[in-house]
Amino acid sequence: MNDREPPGNLAPHIPADLYRQAEATGRPIVIVHTTTRAGRPAGTYLLPIAVGFAGAIGIIGTVAAFLALVEFAAHTAALIASTAGPIGVGGITLKLFHPKNK
């Protein structure tokens, strides 16, 4: 049994039995080439894009919350330092905020 492809460059695949039948009867072989794109439909990209956007929004929200926390901590530290007066540790006294009128 010889199931080899016919000789020559045939771009689309022609089954061997159809080729041999056309060769035996003398009918011409007509190749119709369609231009359908082989690919994924756009809906398959929807889930990865949605997950990516959700992750980006989550990271932006986390950074915004961290910056708000740092700002709140800075305001709290400034308020405590301004009301506490001089801070002393082990005999070393620091005056962080002093009035300009002194």
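All chains use their own residue numbering, which begins from 1 and follows the written sequence. Two thresholds apply to this predicted model, a pLDDT of at least 70 for residue-level local features and 80 or more for giving and counting side-chain atom pairs, whereas whole-chain, interface and lining totals are computed over all residues. Side-chain metrics rest on all non-hydrogen atoms present in the structure, leaving aside hydrogens and water.

A. Spatial organisation of the overall build of the chain. Going along the chain from the N terminus, every DSSP run of H or I of four or more residues is numbered as a helix, and every run of E of two or more is numbered as a strand. The secondary structure content of the chain amounts to 2 helices and 2 strands. Beginning at the N terminus, the succession of helices and strands in the chain can be written as α-α-β-β. The rule is simple: take the accessible area with a 1.4 Å probe, protein chains only, and divide by the maximum for that residue type; under 20% is buried, over 50% is exposed, in between is partly exposed. Every one of the 102 residues in the chain was classed for burial, and the buried ones make up 6%. Shrake-Rupley sampling with a 1.4 Å probe provides the accessible areas, and residues are treated as covered by the protein chains on show and by no other component. Summed over all atoms, the accessible surface of the chain reaches about 9,400 Å², with 67% contributed by carbon and sulfur.

B. Here's a closer look at the confidence of the model for the chain. Residue-level confidence of the predictor is summarised by pLDDT, bounded by 0 at the bottom and 100 at the top. The predicted model of the chain has a mean per-residue pLDDT of 77, with 63% of residues at 70 or higher. Per-element mean pLDDT across the chain ranges from 62 in strand 1 (residues 87-89) up to 91 in helix 2 (residues 46-84).

C. Up close: a nonpolar patch on the surface. On the surface, Ile59, Val63, Phe66, Leu67 and Val70 cluster together into a nonpolar patch covering about 500 Å² of accessible area. If you trace the backbone, Ile59 turns up in helix 2. Patch definition: residues above 30% relative accessible area lacking any salt bridge, with like charges linked at up to 9 Å and the nonpolar side chains Val, Leu, Ile, Met, Phe, Trp and Tyr linked at up to 5 Å. Each reported salt bridge corresponds to a side-chain nitrogen of Lys or Arg within 4 Å of a carboxyl oxygen of Asp or Glu.

D. Here's a closer look at the environment of Leu18. Within the element layout of this structure, Leu18 appears in helix 1 (residues 16-25). The spacing of Leu18 and Ile29 is 11 residues in sequence and 9.0 Å in space, taken between C-alpha atoms.

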